[in-house]
Amino acid sequence: MNENFEPRVVGFLCNWCTYTGADLAGTSRIQYPPHVRIIRVMCSGAVDPTYILKALLEGADGVFIGGCHPGDCHYLTGNYKARRKIVLMKSILETLGLEPERLWFRWISASEGQKFADTMTEISDEIKKLGANRMKEFWNV
Amino acid sequence: MKGTPPRKIGVFVCHCGKNIAGVVDVNRVVEDISRLESVAFAMDYKYMCSQPGQAMIQEKIREKGLEGVIVAACTPNLHEATFRKAASKAGLNPYCVEMANIREQCAWAHQNDPEKATRKAVEIIRTMIQKTAEDKPLYEGSIPVLKRAMVIGGGVAGIQASLDIADAGYEVILVEREPSIGGHMAQLSETFPTLDCAQCVLTPKMVAAGTHPNIKILAWSEAREVSGYVGNFTVTIERKASGVDWTKCTGCGMCMEKCPIKIPAEFDRGLGVRKAIYSPFPQAVPNKPVIDREHCLHYAKGKCGICQKVCEVGAIDFDQAPEIIKEEVGAIIVATGFDIYPKENIGEYGAGKIPDVIDSLAFERLLSASGPTSGEIRRPSDGKIPETIVFVQCSGSRDPEKHKPYCSRICCMYTAKQALLYKHAVHKGRPYIFYIDIRSGGKNYEEFVARAQEEGVIYIRGKVSRIYQSGDKVTVVGVDTLLAKPAQIDADMVVLAMAMVPKEGSDDLRKVLKITADKNGFWTEAHPKMDPVGTTTRGIYLAGCGQAPRDVPDTVAQASGAAGKVISLFSRETLSLDPMIVSVDEELCAGCGLCVSVCPYEARILDEKKKVAIVNEALCKGCGACMAACPNSACIHKNFSKKQVLKMVDALS
Amino acid sequence: MEISYYPGCTLKVDARNFEESAIDSFRELGVVLVELARWNCCGTVFSFTTDNVMYHLAPVRNLLRVREAGKEQVLTLCSMCFNTLKRAAELFNKDAEKRDKILNIMKDKEPLAYDGKTRVIHGIELIRDEIGFDVLKKKTGENLKGLRLAPYYGCMLLRPDGVGIDNPENPRAFQDLINAMGADAVSFPFQSECCGAYQTVEHPEAVVERARIIINSARKAGADALVVSCPLCAYNLDQGQMDVKSIDSSFETFPVLYFTECLYASLGLGFREEWKALHYAPLEGVLARIRRETTSKLIGAAPNKE
Amino acid sequence: MIYFIALIQVICMQIKTEEVLSDLIHKIIDISGTNIWKCYQCGKCSAGCPMVDFMELLPHQVIRLAQIGKWKEICEANTAWICAACLTCSVRCPRGIKIAEVMEALRQVVLRNRLSNKRLNISEERIRRLPPIALISAYRKILE
């Protein structure tokens, strides 16, 4: 593992739960690795597969999607839709030669600041183990 | 309304005192950002949200002709509205103002690494520039409000909410599933901590609701379907077949008196009897009977018909069919209330098989002057007056492992009340209460518990492990944790303070209303603190124990709160609509209908002729599920468009 | 139908009557119990320690024997064996880390790796789920008519939740079995309260107290005899009565029978003379009330074992 | 005066942070795989325990003392050795604490650390009389 490797992770966070959870982590001054760049979406169910593909094909080392807990979705069922999509996406990533482990999905509520920070640390560690996304090299060829 | 995409973007970086500037090198951020192409202007300031800060933004908008503004400061949840309002005063469309969250998700989260935090802050702003460059000016639409409300559930919450709205001059339709309004409160004996009679305070309210010119009570009815949106709901209601023509019925009660069939009465928790044609209790509103088709001889065997013979006005109509009606309303209050967790579910407490182990609501009926024993406390098995009663608190509550994880909140208080009332009724009686903690938060509640203790109710701290029949006694096996000794009581009767659960059928109604519930089945409020009576669906409000266990004063207060929300809604002629919804590009839409099926709000229909999806803008809540489902990118989430997100991803990679 | 059968230690010595009556009764019901060719101690108790897999080797080896015999199901009669084997089977399938450790330790001695497919069932479950209480009812007739039998579940048949054969707080399987045998099941408050188990070794005084409470509770409920499914319960509650009597001469003994002995009798096979010596409390009163209406070729046959 | 101080020390239990965090308690948590901090002292375990009459400390007291790290008190009590592992407490605990498992862990920690030289004291005559199932389970539970 390259110690200096700084992974780039794109995070799509649902506005109502995980984004607010990320705010809480900050408000509580819980520290986590600064590798995730957050894009706020209204609902995890609105995350289009192309967002994930685009991020990974452009060389992001990981993608994280955060939604509300089962039953808590502000839009009733968006989080379930997201979950189904993630399962599909993981198998698609494999066919493209990308590690499915680069795609992360978690249910984090607005009150789970600690869980958000822990998840960020975990993702950062795991992605570091995986190493850089080789997609970048392919493009360079 | 088409606007040109803003090109000239202004970036305002906030120090937030030392909160941001103490970690992020704001000067470098401004420097880096200024170099970017679409940034027309960038600056930093100590407190952007302050009056001078806002004024500065307004000034720059005018001076530089900014077409988009990014405030790099705290979370949008905090000050997005503030800055949008400020910008609109300077003539910029508020939806072209964005926040870059460099405080909560950057400065505060990476306090120990200023270098990385600074780089992250720049990237955060860069992504927001991509978004802002494509932000369209948006304009709020408006819809008319139908000033007529529906209240579902006629317990004390529903009655109170109906009366408040009706008194404000608006029409209310009160839908009740049972033959009469009144709910559980009508079953109670006396209420804590004042020990005033529940019926004495409730029945006048029931009568007021029954006679109010603005209230239409639809008893023996259930809401089956809800369509529409805030201000414009259409509710389909089933008026169940009662077998009695209520327009003719005078409520004389002769049919009930003569009916030969006796069945354990639900209202008396099975301790009393009712007839096959019945009204739940004498003070019922409306005071009209219904026929229980399952038990009525006429329906079972085609015989009897005594009620028809004795009815002088010819109101009995055995062939009556259920009726489906539609009501248009502008707002809905859900007040469906609670059920008691079945004692059959607790095996170690006898699984409901021991006759003298009853639940707390059944004991209320024994205490009630209008109950099956006329207020004399007699145990179910042999009618003996019990000399020892054991009350078991937390029966099913605070038990995440087997039963319900939550505290049912009212049991401590009503158990103290029941023990005290029993003591008053049976002077030589001995009441014992097994408890884990006594929760008596409420006005005069602690004083009330102290009174029960002082008057000789014996509290034993410990949870009961087992209850079994031994001879004509019921043995309660517990522990006194304060003495650390097992404690066993041979009681004449046991009262289980069972957990409160959401009313049976709540889940079906949840699907009809398209609102959410928590894992225990209680309705979820729009915000647990700041909007405890709202739901995630605008125009639908909550009251009573369907949302969470609560006592009578809290229920009444919440009902008035929900009514207040409805009245405030009705005070306007029109409502503004959130413009950040999803539209359809008709040229790209192939009419596949995928978006129609994924929409959780039924906000989309397929125009069969034009083969395009059509959005009902009042119903769309802008979740974007359709956008993710659309194979043609024909769904455009306004200011959250695919193009915007992809450009943001680009800026990150 | 043939089924693999795991007897366990005590059924070969102190509880021979339990095994013999079971083998013959099940044959009468069309089920042949085929004893595993090799088996070892199940461990008697399931170990609760999470950090030592050695305790689970013994039961897993037995589960492997079942697979070696080409079967996926194994029947136990003793409740302790049932509990230990079933929990070990569950642990093996649920905890991948422990599974790997167990396989790793076993691989030197065992040519075949255990694949986790053995299902452990108790004799009562076999009758309930595969034979059917209604089918049994048709075969039993009136041999036990009027006999009031109290089922004693004990612990290991019911706990923990999910492992036991029925709801631990409100079970009915044993009552249903007794009713299907043509006797009258008598539920009593102490039917699933512990007999004291292995404490009989170190703290016999505690177990004697358990025996007194449980027996008196069954007697008070109007039963004629107690029916058990575990040789340790049988010992504690049957022999325990002798100790109760030595302390309290006014105590009257109460018959304790294995459920398979009742099953045997209900099928018209009567009761074997040699079993009496394996009981402590006198059985005469109960035995006198058993009828033998169905004649069977099995009566008096030699026990079915090598 | 000195006499009074001595008396107070005997009666008043000192709650000490180093005890709360003691290794032995954490070992119990590890071995039993159960979170003792979930306990809210309702006492349902003690109320239903069939062997409770013979115990020096009630099961819920053991859990309480474990929460505040009073290893010595728990270790000296006979509670874990009287436990028959009938699991009544474990299936009834409203918070899902596996109390029987905690008792086993307690026995294990005592045995593994040689904190007791426990022997089963039984006559040969009784050994002959007891069924194998009793002997083996007793050895397994009490001495393993």
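Residues numbered from 1 in each chain as written. Chains lettered and ligands numbered in written order. Predicted model: local features only at pLDDT ≥ 70, side-chain atom pairs only at ≥ 80, totals over all residues. Heavy atoms only, no water.

### Focus on the overall build of chain C
Scanning chain C from terminus to terminus reveals 12 helices and 8 strands. Radius of gyration (C-alpha) of chain C: 19 Å, near the 19 Å computed for a compact globule of 306 residues. Overall, the C-alpha framework of chain C stretches about 55 × 45 × 35 Å when taken along its three principal axes. With 306 residues in all, chain C has 61% of them scored as buried. Of the contacts made within chain C by residues no fewer than 6 positions apart, 78% connect residues no fewer than 24 positions apart. Counting only carbon and sulfur atoms, one obtains 50% of the accessible surface of chain C, whose full area is about 11400 Å². In chain C, the 38 positive side-chain charges and the 42 negative ones have mean positions that sit 3 Å from each other. (Helix = DSSP H or I, 4+ residues; strand = E, 2+ residues; numbered from the N terminus. Rg over C-alpha atoms; globule rule 2.2 N^0.38 Å. Buried < 20%, exposed > 50% of the residue type's maximum accessible area, 1.4 Å probe, protein only. Contact = heavy atoms within 4.5 Å. Areas by Shrake-Rupley, 256 points an atom, 1.4 Å probe, with all protein chains shown as cover. Lys, Arg positive; Asp, Glu negative; His and termini not counted. Charge placed at Lys NZ, Arg CZ, Asp CG, Glu CD.)

### Remarks on the interface of chain C and chain D
The interface of chain C with chain D comprises 45 residues on the first partner and 43 residues on the second. Around 3700 Å² of area is buried between chain C and chain D when both sides are counted, 63% of it from carbon and sulfur atoms. The largest per-residue losses of area from chain C upon contact with chain D belong to Phe48(C), Tyr198(C) and Val201(C), which jointly make up 22% of the total buried on that side. The tally of links between chain C and chain D comes to 2 salt bridges. Among the ionic pairs, Arg112(D) bridges to Asp51(C), the shortest N-O distance being 2.7 Å. The tally of links between chain C and chain D comes to 19 residue pairs in polar contact (both at pLDDT 80 or more). Put simply, the parts of the chain that give the side of chain C that touches chain D at least two residues each are α3 (79-94), α8 (199-202), α9 (204-220) and α10 (231-247) of chain C. Among the elements that line the side of chain C that touches chain D, the one with the most residues is α9(C), at 5 residues. Classifying every residue of the side of chain C that touches chain D gives 22 nonpolar, 12 polar and 11 charged. (Buried area = accessible area lost by both parts, 1.4 Å probe. Salt bridge = Lys/Arg side-chain N within 4 Å of Asp/Glu carboxyl O. Polar contact = N/O pair within 3.5 Å; in protein donor to acceptor, adjacent residues only side chain to side chain. Nonpolar A, V, L, I, M, F, W, Y, C, P; charged D, E, K, R; others polar.)

### Focus: a nonpolar patch on the surface
Together, Leu88(A), Ile92(A) and Leu96(A) give the surface a local cluster of nonpolar side chains, amounting to about 260 Å² of exposed area. Note that Leu88(A) resides in helix α3 (residues 78-95). (Patch = residues over 30% accessible without salt bridge, like charges linked within 9 Å, V, L, I, M, F, W, Y side chains within 5 Å.)

### Notes on the domain arrangement of chain C
Residue and element names in this part refer to chain C. Each assigned domain of chain C is listed here: domain 1 (2-122) and domain 2 (135-295). Taking only C-alpha atoms, the centre of domain 1 and the centre of domain 2 are 25 Å apart. Across the contact, 25 residues belong to domain 1 and 27 residues belong to domain 2. Sorting the residues of domain 1 by area buried against domain 2 places Asn17, Phe18 and Leu29 first, and these three jointly supply 23% of that buried surface. In this structure, the connection of domain 1 to domain 2 is made through 2 salt bridges. The partner of Asp24 in a salt bridge is Arg272, with the nearest N and O atoms 2.2 Å apart. The tally of links from domain 1 across to domain 2 stands at 12 residue pairs in polar contact (both at pLDDT 80 or more). Elements that contribute at least two residues to the side of domain 1 that touches domain 2 include exactly α1 (16-28) and α3. Its residues assigned to classes, the side of domain 1 that touches domain 2 shows 10 nonpolar, 7 polar and 8 charged. (Domains from an automatic or database assignment.)

### A short note on the sheet that holds strand β4 (residues 97-101) of chain B
Residues and elements named next belong to chain B. Read across the sheet, 4 strands follow the order β2-β1-β3-β4 without closing on themselves; strand pairing throughout is parallel. Each edge of the open sheet carries a strand with a single partner, namely β2 (39-45) and β4. Strand-to-strand twist in this sheet, taken as the mean axis angle between neighbours without regard to direction, amounts to 20 degrees. Direction of pairing for strand β1 (residues 9-14) relative to β2: parallel, over a ladder of 6 bridges. Its bridge partner lying in β2, Val11 is registered against Ala42. Running over the sheet, helix α2 (residues 51-64) touches β1, β2 and β3 (68-73) and is turned about 165 degrees from β2. (Pairing = 2+ DSSP bridges. Axes fitted to C-alpha atoms, helices over the stretch in contact; angles between N-to-C directions.)

### A short note on the interface of chain D and chain B
Interface size is commonly expressed as the accessible surface area that is lost when the partners come together. Taken together, the contact between chain D and chain B spans 19 residues of the former and 21 residues of the latter. Roughly 1500 Å² of surface becomes buried between chain D and chain B when both sides are summed, with 55% attributable to carbon and sulfur atoms. Of all residues in chain D, Tyr40(D), Lys44(D) and Ala47(D) bury the most surface against chain B, accounting for 33% of the area lost on that side. Across the contact surface, chain D and chain B share 1 salt bridge. As a salt-bridge pair, Glu348(B) and Lys44(D) come within 2.8 Å of each other at their nearest N and O atoms. Broken down by secondary-structure element, the contributors of at least two residues to the side of chain D that touches chain B are α4 (44-48), α5 (59-67) and α8 (88-92) of chain D. With 4 residues, α4(D) is the single largest residue contributor to the side of chain D that touches chain B. Classifying every residue of the side of chain D that touches chain B by side-chain character gives 8 nonpolar, 7 polar and 4 charged.

### Some details on unusual backbone geometry
Between Val285(B) and the following residue, Pro286(B), the backbone shows a cis peptide bond with an omega angle of -5 degrees. With an omega of -5 degrees, the peptide bond between Arg159(C) and Pro160(C) qualifies as cis. Phi at Ser633(B) takes a positive value of approximately 55 degrees, unusual for a residue other than glycine. Its location among the elements puts Ser633(B) in the loop between α17 (625-629) and β34 (635-637).

### Comments concerning the sheet that holds strand β12 (residues 232-239) of chain B
Residues and elements named next belong to chain B. Strand order in the open sheet made by the 3 strands is β11-β12-β17, with antiparallel pairing throughout. Both outer strands of the open sheet, β11 (221-229) and β17 (323-329), are each paired with one neighbouring strand and no more. The mean angle between the axes of side-by-side strands here comes to 20 degrees, regardless of whether they run parallel or antiparallel. With 8 bridges connecting them, β11 and β12 associate as antiparallel partners. Note on β12: the bridge partner recorded for Glu225 is Thr236.

### A few points about the pairing of strand β6 (residues 148-152) of chain B
All names here are of chain B. Counting buried residues in β6 gives 5 out of 5 residues, a clear majority hidden from the surface. Side chains Arg148, Met150 and Ile152 of β6 all project onto a buried face; the interleaved residues Ala149 and Val151 project onto the opposite face, where all are buried too. Examined bridge by bridge, β6 and strand β7 (residues 171-175) share 5 bridges and lie parallel to one another. Note on β7: the bridge partner recorded for Ile152 is Val175. Note: β6 against strand β18 (residues 331-334), 4 bridges, orientation parallel. Directly across from Met150, in β18, lies its bridge partner Ile332.

### A few points about the pattern of salt bridges
A complete count under the given rule lists 85 salt bridges over all chains for this structure. Across the pair Glu80(B) and Arg84(B) runs a salt bridge, and its minimum N-O distance is 3.5 Å. Of this pair, Glu80(B) and Arg84(B) both sit in helix α3 (residues 76-89), 4 residues apart, roughly one helical turn. An identical accessibility class is assigned to Glu80(B) and Arg84(B); each is buried. Of the charged contacts, one joins Arg67(C) and Asp115(C) as a salt bridge, the two residues approaching to 2.8 Å between their closest N and O atoms. One end of the pair, Arg67(C), is in helix α2 (residues 57-68); the other, Asp115(C), is in the loop between α4 (96-106) and β4 (119-122), and 48 residues separate them in sequence. Relative accessible area serves as the criterion here: at 37%, Asp115(C) is assigned to the partly exposed category. Three or more residues are tied together by salt bridges with common partners; here these are Asp356(B), Arg379(B), Asp382(B), Lys384(B), Asp472(B), Lys473(B) and Asp492(B).

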